[in-house]
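Residues per chain, in single letters:
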Amino acid sequence: MAEIGTEGVKVVSPKFAPRPTGWVVFLRTFLPWQLFRFVWINLKMIHMIRLSHGGVLPGERKH
Amino acid sequence: MGRVVVLGAGVSGHTAAAFLKKWLGHSHDVVVVSPKEKYNWIPSNIWVGVGCMKPAQVEFPIKPVYDKFGIEFHQARAVAIHPEGSADHDKPFVEIEYTEPSRDGERARLAYDHLINATGPKLNFGATKGLGPEGHSHSVCTTEHAVACRDAVHEAIGRMKKGERQRFLVGTGHGLCTCQGAAFEYVTNLEFVLRKHGVRDKAEITWLSNEYCLGDFGMGGIYIKRGGYITHSRIFTESLFAERGLNWIFRAHVNEVCEDRVLFETLDGTDHEEEFDVAMLLPPFAGVGLKAHDRKGGDITERLFAPNGFMKVDADYSAKPYEEWKASDWPRYYVNPEYSNLYAVGIAFAPPHPISQPRKSPRGTPIFATPPRTGMPSAMMGKAVASNIANAMLGRKKSPHAASMARMGAGCVASAGAGLFNGTAAAMTVYPVVPDFDAYPEYGRDLSHTFGEIGLAGHWVKVILHYMFMHKAQGKPGWTLIPE
Ligand SMILES: Cc1cc2nc3c(=O)[nH]c(=O)nc-3n(C[C@H](O)[C@H](O)[C@H](O)COP(=O)(O)OP(=O)(O)OC[C@H]3O[C@@H](n4cnc5c(N)ncnc54)[C@H](O)[C@@H]3O)c2cc1C
């Protein structure tokens, strides 16, 4: 498993994993931003549910 | 008057039964057979397992709900299906064994016109020596398991408060497990709770999984457009684990869980061990072990069920290499190819093949994540099958509803810590669940409908979903308006 830079079989304190900046971490619990994301996530989910209930991919004909 | 029997009162069976009764009204009978007295909203067991929710918040007695709906309920487990009836019983029937305390062990035959197998998984702890609550590790697959796991975590917290160091191991207990998403939620919630108790510095938390890479989740991972790149979920998962100080081991098949360590083999064929004080390792899933008999009483189990115990439906089960897998291999109507009045939905149907690429160690041990059948697809299958049965029974000539996992998406909200103002969750949508490389040659999925992000908003969505789905399952006012 050495190809991805593991230290033995267990990966401990990896140096190669991307870490979020302070700004990204701050935004994750910043209320005004999260209220906006809440609306956005719900819209994405509703859209995906609608697509799924169609039973076909966009542009595909129903059998 | 016709009769539909639904085996299982979980996500898929309960959805199917509720809609069947709504659509069939008093003209036909709907019967549910399930061994437990209570309905359990399984996704929230994660929170029970870390002490953020009480068992009463994730389950409720099912019989009063069925009485309200007008559904006949038998607290029993299905044992065998007789799709042709028998010498002394003309109609097809299912043999059940009661688990209700007053009739425990009593057997009965329930005749049916249509039968839906929604029995979910057998939690196959026996596949790994020492795995599970009767061995040396915990689970959060049932409320009882989650409570025992919570108690073990709280005892460990007590020890850490006295200054002891504790090692936690979370993940999958076999090379062929699925449901990594649940274990992911558990490990991140555990880390969050340990921080809340002020003992995080005393804890070493390690993730151990059969996935080929972090973020595989049995779906080969997902690709997301982010920051000008198309990025694999591995990067996001590794990033979250690194940020939370979680160690990880992957491509692992656990051979044995001992009292204080697991012995495991990795995909490169080498053996290892990892010590722990508390372990939460999910079991592999199998079918619940239903038997099937023909009219003469001959055993036809192998014809109806795949070797792993899941029921065969309208999928393409021909053995073919990974490169030749097609989205069209996946079932659309969940109907058995031999008996057109027999269906299997949710975890109970046999997938044609995995979604993640199958791999074996040099010793021949299969180590890869098997396909997930999460809540939303399971409920959608249940509803589609219910609609097709209702149309047939009411004599309506409508084209059948399909619910292929290659034509539906999934919304997943993976909790990463519960708190009204400081909680977070990874909210994701994937479309479609089973990649279709003919329709989307590069990534198999439509990237404009596949997204993921971590934040407090995701946690709010997760909490709201919990209450919405509990409301829906209890058939409270407006339940039909809540999507699957
Ligand atoms: C810990 C955990 C967390 C999860 N988190 C999420 C999540 O966040 N989001 C998500 O989408 N999915 C999640 N899932 C997956 C989700 O729970 C499943 O997709 C869903 O429960 C599958 O529905 P089902 O109806 O097939 O099976 P189940 O819900 O398991 O229901 C099976 C039913 O059959 C009954 N039964 C068993 N044997 C018999 C028998 N012999 N006869 C009759 N009845 C029988 C059982 O008692 C049960 O009522 C999670 C799973 C786990 C284990």
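Residues numbered from 1 in each chain as written. Chains lettered and ligands numbered in written order. Predicted model: local features only at pLDDT ≥ 70, side-chain atom pairs only at ≥ 80, totals over all residues. Heavy atoms only, no water.

**A look at the packing of helix 1 (residues 11-24) of chain B against helix 8 (residues 375-393) of chain B**
Between two packed helices, both the angle of their axes relative to each other and the distance between the axes serve to describe the pair. Residues and elements named next belong to chain B. The contact between helix 1 and helix 8 brings their axes to 8 Å, and the two run at 30°. On the basis of their axis angle, the class for helix 1 and helix 8 is roughly parallel. Our pair here, helix 1 against helix 8, has a crossing hand that is right-handed. Two secondary-structure elements touch here, helix 1 through Val11, Ser12, Thr15, Ala16, Phe19, Leu20, Trp23 and Leu24 and helix 8 through Gly375, Ser378, Ala379, Gly382, Lys383, Ala386, Ser387, Ile389, Ala390 and Met393. Each residue belonging to the contact of helix 1 with helix 8 can be placed in one class, and the counts come to eleven nonpolar, six polar and one charged. (Axes fitted to C-alpha atoms, helices over the stretch in contact; angles between N-to-C directions. Helix = DSSP H or I, 4+ residues; strand = E, 2+ residues; numbered from the N terminus. Parallel < 35°, antiparallel > 145°, perpendicular 65-115°, else oblique. Left-handed = near helix turned anticlockwise from the far one by under 90°. Contact = heavy atoms within 4.5 Å. Nonpolar A, V, L, I, M, F, W, Y, C, P; charged D, E, K, R; others polar.)

**A few points about the nonpolar core**
All names here are of chain B. The biggest cluster of nonpolar side chains holds 126 residues, and the ones touching the most others in it are Leu20, Ile116 and Tyr186. The element best represented in this core is helix 8, accounting for nine residues. Excluding residues that lie within four positions of it along the chain, Leu20 makes contacts with Val4, Val6, Gly25, Val30, Ile116, Ala386, Ile389 and Ala390. Within the second largest apolar cluster, 14 residues are counted, among which are Leu131, Ala252, Val254 and Val257. (Core = buried A, V, L, I, M, F, W, Y, C linked by side-chain atoms within 4.5 Å. Buried < 20%, exposed > 50% of the residue type's maximum accessible area, 1.4 Å probe, protein only.)

**Observations concerning the confidence of the model for chain A**
Considering every residue of chain A, the mean pLDDT works out to 82; 83% of them sit at 70 or more. With pLDDT under 50 throughout, residues 1-7 of chain A is counted as low confidence; its partners more than four residues away or in other chains account for 16 contacts. (pLDDT = per-residue confidence, 0-100.)

**Side note on the site of the ligand**
Residue and element names in this part refer to chain B. The environment of the ligand is formed by 30 residues, the closest being Ser12, Ala78, Ile347, Arg373 and Gly375. Note that an oxygen atom of the ligand is positioned 3.4 Å from one of the backbone N or O atoms of Gly10. A total of 990 Å² of accessible area belongs to the ligand in isolation, and the protein chains cover 87% of it. Of all the secondary structure elements, the ones that give two or more residues to the shell around the ligand are helix 1, strand 2 (29-34), strand 5 (72-82), helix 5 (180-196) and helix 8. Top contributing element to the shell around the ligand by residue count: helix 8, with three residues. (Near = heavy atom within 4 Å. Polar contact = N/O pair within 3.5 Å; in protein donor to acceptor, adjacent residues only side chain to side chain. Areas by Shrake-Rupley, 256 points an atom, 1.4 Å probe, with all protein chains shown as cover.)

**With respect to the pattern of salt bridges**
All names here are of chain B. Taken as a whole and judged by the stated rule, the model has 37 salt bridges over all chains. Its salt-bridge partner being Arg77, residue Glu97 comes within 3.2 Å of it at the nearest N-O pair. One end of the pair, Glu97, is in strand 6 (residues 93-98); the other, Arg77, is in strand 5, with 20 residues separating them in the sequence. The partly exposed category is assigned to Arg77, whose relative accessible area is 41%. (Salt bridge = Lys/Arg side-chain N within 4 Å of Asp/Glu carboxyl O.)

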